[in-house]
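Take a look at the letters that make up each chain.
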Amino acid sequence: MRDRVFTIAKIAITFGLIAYVFSKVDLQAVATSLLHANPWLVLLALLFYLIAIAINGVKWYVLLRAQEVMVPFRAVLQYMWVGVFFNNVFPANIGGDVMRGYGMARYTDRTAEAAVSVVVDRIIGLIAYMSTAAVMAVIIVTVMGYSNLRWLFYLAIVALIAIAAALAVLLSRRLRTQVGRLFQFPLLAPFAPLYQGVSDAFDAYRTHSGSLVLAFGIALTGLMSANIVNWLLFQATGGGVPFLYVLLFNPLIALVLLVPISVGGHGVIQGAYPFFYGLVGVPEIQAVAVSVLMSFIIIMGSLPGGVLWWRNRGASSDSSDSPTVTASQPSG
């Protein structure tokens, strides 16, 4: 019942936010902008969105290998796409990260490593996003003279410090040891093996710091592909938006979308684009039109994940179709 209430609330908020944004703009002008959008640039944007998903799959693959979870990249990409589908399309109160972590845990029979890899994957991605936003904010404020946007730099820096601190805490062996002492109490003792598995999974990244650096570099590459998606959509609707603006605002919009108040962030997207891009004078009509196209790209790009999930949802009951556990055992 609670899940149903959350689902209904998310759907209501999604449509409410979209209705609010559309009530403040000239809908006919937005429709005209969409009708005259360059379809080839929109299709190219969709292609770059798919490339961004694949690049993020490579990032997750690197983090899994650091855990000595040896799975084929095909499987990683499949569960990555399933996660994208549940994050962006499915209305239920289920996160895409949970779904891809669950799928990988079932595939490999290594629950702790799969779950921790998803957490670290998400954190590394956010660090890459906020680092880019902070650098771009400095450039836009100091070089382009938008002194009124200085607060965006502080926002990015605060978010970056908070996210990096969270990763440091999770990787801290001393802190995890202190927390582990709680599992000596009889009430928590049955969960001690589970906690130890999770703690060991985090500890693996202390000895594979190079994998974290590599994952960060891959995350920057994926972000660049996502930035190109946004820039192409602005080009498709008339252009006039420098790529530097996209480099700043796209990561910040992604940060806002972490608040799970709507289905796939739709509605929030429609409000975020005119707000952020309006700060640098981008016409509201164009920003709203791009937000609609972005929702379209997200939904279309997520559909392969839905197909993969539907095709494999019953695979666990058929041992002949299920991947073998031995393929994911530690190489050592």
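Counting restarts for each chain: residues are numbered from 1 in the order of the written sequence. It should be noted that, the model being predicted, local features are given only for residues of pLDDT at least 70 and side-chain atom pairs only at 80 or more, the latter also being counted only at that level, while totals for whole chains, interfaces and linings use all residues. Processing note: side-chain calculations cover all non-hydrogen atoms of the structure and skip hydrogens and water entirely.

(A) The arrangement of the side chain of Asn 88 in detail. Helical segments are the DSSP runs of H or I of at least four residues, strand segments are the runs of E of at least two, and each set is numbered from the N terminus. Within the secondary structure, Asn 88 is located in helix α4 (residues 73-88). Only protein chains enter the accessibility calculation, which uses a 1.4 Å probe; a residue whose area is less than 20% of its type maximum is buried, one above 50% is exposed, and one in between is partly exposed. Residue Asn 88 is classed as buried on the basis of its relative accessible area of 14%. By definition in these notes, contact holds between two residues if any of their heavy atoms fall within 4.5 Å. Sequence-distant contacts of Asn 88, that is, excluding residues within four places in its chain, are made with Tyr 49, Gly 264, His 266, Ile 298 and Ser 302.

(B) Here's a closer look at the pattern of salt bridges. The term salt bridge refers to a pairing of a side-chain nitrogen on Lys or Arg with a carboxyl oxygen on Asp or Glu at a separation within 4 Å. Here the structure, examined in full by the defined rule, presents seven salt bridges. Among the ionic pairs, Arg 100 bridges to Asp 97, the shortest N-O distance being 3.2 Å. A residue pair is termed a helical-turn pair when its members lie 3 or 4 positions apart in one helix, as Arg 100 and Asp 97 do in helix α5 (residues 96-108) at three residues. Arg 100 sits in the buried class, given a relative accessible area of 4%. The network of salt bridges with shared partners includes Lys 59, Asp 97, Arg 100, Asp 121 and Arg 122.

(C) Seen up close, the environment of His 208. Structurally, His 208 is set in the loop between α9 (192-203) and α10 (209-236). What makes His 208 partly exposed here is its relative accessible area of 28%. For the pair His 208 and Tyr 107, spaced 101 residues apart in sequence, the C-alpha to C-alpha distance is 23 Å.

(D) Focus on the packing of α4 against helix α13 (residues 284-312). Every angle, taken between N-to-C directions, lies between 0 and 180 degrees, and every axis is a line fitted to C-alpha atoms, over only the stretch in contact when it is a helix. Interaxial distance between α4 and α13 falls to 7 Å at its minimum, and their mutual angle equals 120°. By the angle between their axes, α4 is oblique relative to α13. Every pair of crossing elements has a handedness; the one defined by α4 and α13 is left-handed. Packed against α4, whose contacting residues are Gln 78, Trp 81, Val 82, Val 84, Phe 85, Phe 86 and Asn 88, the element α13 presents Ile 298, Gly 301, Ser 302, Pro 304, Gly 305, Gly 306, Leu 308, Trp 309, Arg 311 and Asn 312 at the interface. Here is the rule for angles: anything less than 35 degrees is roughly parallel, anything more than 145 is roughly antiparallel, 65 through 115 is roughly perpendicular, and the remaining ranges are oblique. Crossing handedness follows the turn of the near helix against the far one: under a right angle anticlockwise gives a left-handed crossing, and clockwise gives a right-handed one.

(E) Main features of the packing of helix α7 (residues 150-171) against helix α11 (residues 243-256). In the contact formed by α7 and α11, the axes pass within 12 Å of each other and the chain directions differ by 50°. With respect to each other, α7 and α11 are oriented oblique. Like other packed secondary-structure pairs, α7 and α11 cross with a definite hand, here left-handed. Residues Leu 152, Leu 155, Ala 156 and Ala 159 of α7 pack against Leu 248, Phe 249, Leu 252 and Leu 255 of α11. Three residue categories are used. Nonpolar comprises Ala, Val, Leu, Ile, Met, Phe, Trp, Tyr, Cys and Pro, charged comprises Asp, Glu, Lys and Arg, and polar comprises the others, including Gly. Of the residues in the contact of α7 with α11, the class split is eight nonpolar, no polar and no charged.

(F) Examining the packing of aromatic side chains more closely. Any two rings among Phe, Tyr and Trp, with Trp reduced to its six-membered ring, count as a pair given centres within 6.5 Å; such a pair is stacked if its planes are under 30 degrees apart, edge-to-face if over 60, and tilted if neither. Following the criterion strictly, the structure yields 13 aromatic pairs and no others. Taking the centre distance of 5.8 Å and the plane angle of 70° together, the rings of Tyr 79 and Tyr 107 count as edge-to-face. Linking Tyr 79 in helix α4 with Tyr 107 in helix α5, this pair joins segments that are 28 residues apart in sequence. The same class applies to Tyr 79 as to Tyr 107, namely buried. Between Tyr 146 and Tyr 245, the aromatic rings sit 6.0 Å apart at their centres with planes inclined by 85°, giving edge-to-face as the arrangement. Of this pair, Tyr 146 sits in the loop between α6 (111-142) and α7 while Tyr 245 sits in helix α11; the two residues are 99 residues apart in sequence, bridging distant segments of the chain. Here Tyr 146 falls in the partly exposed class, since its relative accessible area comes to 22%. Members of the aromatic cluster, joined through ring pairs, are Phe 234, Phe 249, Tyr 273, Phe 275, Phe 276 and Tyr 277. Put simply, a charge is over a ring when the Lys NZ or the Arg CZ is close to the ring centre, within 6 Å, and near the line of the ring normal, within 35 degrees. It is Arg 100 that lies over the ring of Trp 60; its NZ or CZ is 4.7 Å from the centre.

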